[in-house]
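# Structural overview
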Amino acid sequence: MLPADVVIVGAGPAGATAALNLAPFRRVLLVDRRPEPTDRIGESLAPAARRLLSDMGLWTDFLADGHSPCHVSRSRWGTQTPSEQDALANLDGPGWHLDRRRFEERLRRTAVARGAALLAPASPVGLERAGDGWCLRLEHGGRVLDVATRWIIDAGGRTSGLLKPFGADRRARDRLICGWLHGARTEGSTGGAMTYTESAPDGWWYTARLPGGRRVLAWHTDADLPAAEALRTASALLGHAARSPTLGEQLADTRFDATVAPGVITAHGSVLASPVGEGWLAVGDAALSFDPLSSQGLFNALFTGLAAAEATDRALCGDPTATRDYAGTLANIDSAYRRNLAAWYALERRWPEQEFWRRRVPHEP
């Protein structure tokens, strides 16, 4: 049986961040079902992340990895007149459009360099209490491995059910899904890195330039609405985008392959009734997932990864207040997030009869 102080299940941004902060002090095993990071949606990093990356000793490497600063955020929301926010007004500087795969690779490598063991691909097939710790059964390379650990950190994302038998009761708040395409920008295209968001009668669009001459186009709607049919094929998604009279100008510099299936993920907000329990806690989307409109998902992953590492180390040292403090911090984050999200959706009142907006925006009778 393999021994560990802490097993972190999920090596995405939240799990890898927890691992790289815990590894200098504890025996950490980081587990992920993917052998390596893959392309996926979620490339926006808030300006305030600079402080977190600096505190964790990651800022210099982050700059060296060639991510693109985002100096302007433009939106058409509540009106056809575009509005802009310039990063010059932010004391933390610009936000960032990430090469998501490179970003996750860096976090994984840093965790290993600081002492964490990485097992990937590996998937949990059993978890049970064993004395004052845990026995985690993993499937890896066609074999089953048993791991004895004092502590479990669930970093498995918003659909994780790892700790459900031990009190991790997840509550989904809506039915939002996201479908996206990556396209190649044409040679000679000009203009700085910009985030663009546009509301529509049955959902909302997001697009941004990414490092490596790419662009992402993403459509957000509810899974049970007819507009979700646009996510079945790339041609359907591009056809739906073409119905917007203003989105095309943002995409004019990009070629999309209409034969490639779009990526589709759940994007709903969700929360655990409690992000902590006896001998465990959850981080990132596994604890508290955000509507992508907030642009806070990756920042939350980094912040909760760091906070979870601190809480876990305190708990293993016998501090009885560690997990309570962590849960209180996440409760405060959730409260602020819900207020801000409601205020942003409330700005759009052009389609009160449309089901997507009726679910999100309170309208007077």
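Structural data are supplied above this passage.
From a predicted model like this one, the values you see are computed outputs, not experimental measurements.

### Looking at the overall build of the chain
The helix and strand inventory of the chain stands at 9 helices and 22 strands. Rg of the C-alpha trace for the chain: 21 Å, near the compact-globule value of 21 Å for 365 residues, within the 12% margin. Put simply, the chain shows about 16,400 Å² of open surface, and 52% of that area lies on carbon and sulfur atoms. With 42 positive and 42 negative side-chain charges, the chain shows a separation of 1 Å between the mean positions of the two kinds.

### Side note on the pattern of salt bridges
In this structure the tally under the stated criterion is 33 salt bridges. In this structure, Asp222 and Arg360 form a salt bridge, with 2.6 Å as the shortest nitrogen-oxygen distance. In this pair, Asp222 sits in strand 16 (residues 214–222) while Arg360 sits in the segment after helix 9 (355–358), placing the two residues 138 residues apart along the sequence. Linking Asp325 and Arg314 is a salt bridge whose minimum nitrogen-to-oxygen distance equals 2.9 Å. Within this pair, whereas Asp325 is found in helix 8 (residues 322–346), its partner Arg314 is found in helix 7 (residues 297–316), the two being separated by 11 residues in sequence.

### Here's the deal with the layout of surface pockets
Estimates place the volume of the second largest pocket at around 250 Å³. It is helix 8 that provides the largest number of residues to the lining of the second largest pocket, a total of 5 residues. Among the residues forming the lining of the second largest pocket, the class breakdown is 4 nonpolar, 1 polar and 8 charged.

### A look at helix 7
Between its first and last C-alpha atoms helix 7 spans 28 Å; for 20 residues at 1.5 Å apiece the expected length is 28 Å, and the two agree. With 15 of 20 residues buried, helix 7 lies mostly within the body of the structure. Two residues or fewer after helix 7 comes Gly318, characterised by a positive phi angle close to 95 degrees.

### Focus on empty space enclosed by the protein
Unoccupied space between atoms shows up once a probe the size of one water molecule is rolled over them. Counted by the stated rule, this structure contains 1 cavity of 30 Å³ or more. Taken as a whole, the largest cavity spans an internal volume of roughly 50 Å³. Lining the largest cavity are Leu53, Leu58, Asp61, Phe62, Asp65, His67, Phe103, Arg106 and Leu107. In terms of residues, the lining of the largest cavity owes the most to one element, helix 4 (residues 100–113), which gives 3 residues. Considered class by class, the residues forming the lining of the largest cavity number 5 nonpolar, 1 polar and 3 charged.

### Focus: helix 8
Here helix 8 spans 37 Å end to end across 25 residues, near enough to the 36 Å set by a 1.5 Å rise per residue. Taken together, the buried positions of helix 8 are Ala322, Thr323, Tyr326, Ala327, Leu330, Asp334, Tyr337, Leu341 and Tyr345.

### A word on the pairing of strand 11 (residues 143–154)
As paired strands, strand 1 (residues 2–9) and strand 11 are joined by 7 bridges and run parallel to one another. Along strand 11, the bridge assignment pairs Pro3 with Ala148. Here strand 10 (residues 133–140) runs beside strand 11; their pairing, made up of 7 bridges, is antiparallel. What sits directly across from His140, in strand 11, is Arg143. Between the end of strand 10 and the start of strand 11, which pair antiparallel, lie 2 residues, with Gly141 showing a positive phi angle near 60 degrees. Summarising the sheet, strand 11 and strand 21 (residues 280–282) pair through 3 bridges and their orientation is parallel.

### Digging into the sheet that holds strand 4 (residues 68–70)
The 3 strands lie next to each other as 3-7-4, forming an open sheet whose pairing is antiparallel. This sheet does not close on itself; its edge strands, each paired only once, are strand 3 (44–45) and strand 4.

### Some details on the sheet that holds strand 12 (residues 170–172)
In space, the 3 strands of this open sheet follow the order 12-19-22, with antiparallel pairing throughout. Of all the strands in the sheet, the pair left with one neighbour each is strand 12 and strand 22 (288–289). Pairing geometry for strand 12 and strand 19 (residues 270–272), over 3 bridges, is antiparallel. Residue pairing for strand 19: Arg171 is matched across the bridge by Val271.

### Let's talk about the packing of aromatic side chains
This model, assessed by the stated rule, comprises 15 aromatic pairs. When the centroid spacing of 6.1 Å and the interplanar angle of 85 degrees are considered together, the rings of Phe62 and Phe103 count as edge-to-face. With Phe62 in helix 3 (residues 59–64) and Phe103 in helix 4, the pair connects residues that are 41 residues apart, well separated along the chain. Of the residues examined, Phe62 reaches a relative accessible area of 3% and is grouped as buried. On the basis of relative accessibility, which here comes to 3%, the residue Phe103 falls in the buried class.

### Digging into the side chain of Thr110
Checked against the element boundaries, Thr110 lands in helix 4. Looking at Thr110, its side chain comes within polar contact range of the main-chain oxygen of Arg106, at 2.8 Å. Leave out the neighbours within four places in its chain, and Thr110 touches Leu20 and Leu58.

### Details of the side chain of Arg76
Mapped onto the secondary structure, Arg76 falls in strand 5 (residues 72–76). Polar contacts involving the side chain of Arg76 include one to the side chain of Tyr196, which spans 2.9 Å. Leave out the neighbours within four places in its chain, and Arg76 touches Thr81, Pro82, Tyr196, Thr197, Glu198, Ser199, Thr246, Glu249, Gln250 and Arg350.

Conventions used here
Residue positions are counted from 1 within each chain, in the order its sequence is given. Totals for whole chains, interfaces and linings use all residues, but because this is a predicted model, local features are given only for residues with pLDDT of at least 70 and pairs of side-chain atoms are given and counted only at 80 or more. Calculation of side-chain values draws on the structure's entire complement of heavy atoms; hydrogens and water are dropped beforehand. Only DSSP runs of H or I with at least four residues qualify as helices, and only runs of E with at least two residues qualify as strands; both kinds are numbered from the N terminus onward. Only C-alpha atoms enter the radius of gyration, while the globule expectation follows 2.2 Å times N to the 0.38, with N the number of residues. Residue burial considers only the protein chains on display, and all accessible areas are found by Shrake-Rupley using a 1.4 Å probe. Charged residues are defined here as Lys and Arg on the positive side and Asp and Glu on the negative side; His and the ends of the chain fall outside this count. Think of each charge as sitting on NZ of Lys, CZ of Arg, CG of Asp or CD of Glu. Whenever Lys or Arg places a side-chain nitrogen within 4 Å of a carboxyl oxygen from Asp or Glu, that contact is recorded as a salt bridge. Every definition here rests on a 1 Å grid over the protein atoms only: cavities are sets of points where a 1.4 Å probe fits but cannot get out, pockets are open sets enclosed by protein on both sides within 12 Å along at least five of seven lines, and lining residues have some atom within 4 Å of a point. Grid points are joined across faces, edges and corners, and a volume is the space filled by probe spheres set on the points. For this scheme, ten residues count as nonpolar: Ala, Val, Leu, Ile, Met, Phe, Trp, Tyr, Cys and Pro. Four count as charged, namely Asp, Glu, Lys and Arg, and the remainder, Gly too, count as polar. Helix span is expected to be 1.5 Å times the residue number reduced by one. Each residue's exposure class comes from its accessible area (1.4 Å probe, protein chains only) as a fraction of the maximum for that residue type: buried when under 20%, exposed when over 50%, partly exposed otherwise. In short, DSSP must find at least two bridges between two strands for them to pair. Aromatic rings from Phe, Tyr and Trp, with only the six-membered ring used for Trp, were paired whenever their centres fell within 6.5 Å, and each pair was classed as stacked if the ring planes differed by under 30 degrees, edge-to-face if by over 60, and tilted otherwise. Residues adjacent in sequence count toward polar contacts only when both atoms are side-chain atoms; beyond that, a polar contact is any pair of N or O atoms within 3.5 Å, and within protein one must be able to donate a hydrogen and the other to accept it. We call two residues in contact whenever any of their non-hydrogen atoms come within 4.5 Å of each other.

All quantities given are derived from atomic positions and should not be read as evidence of function.
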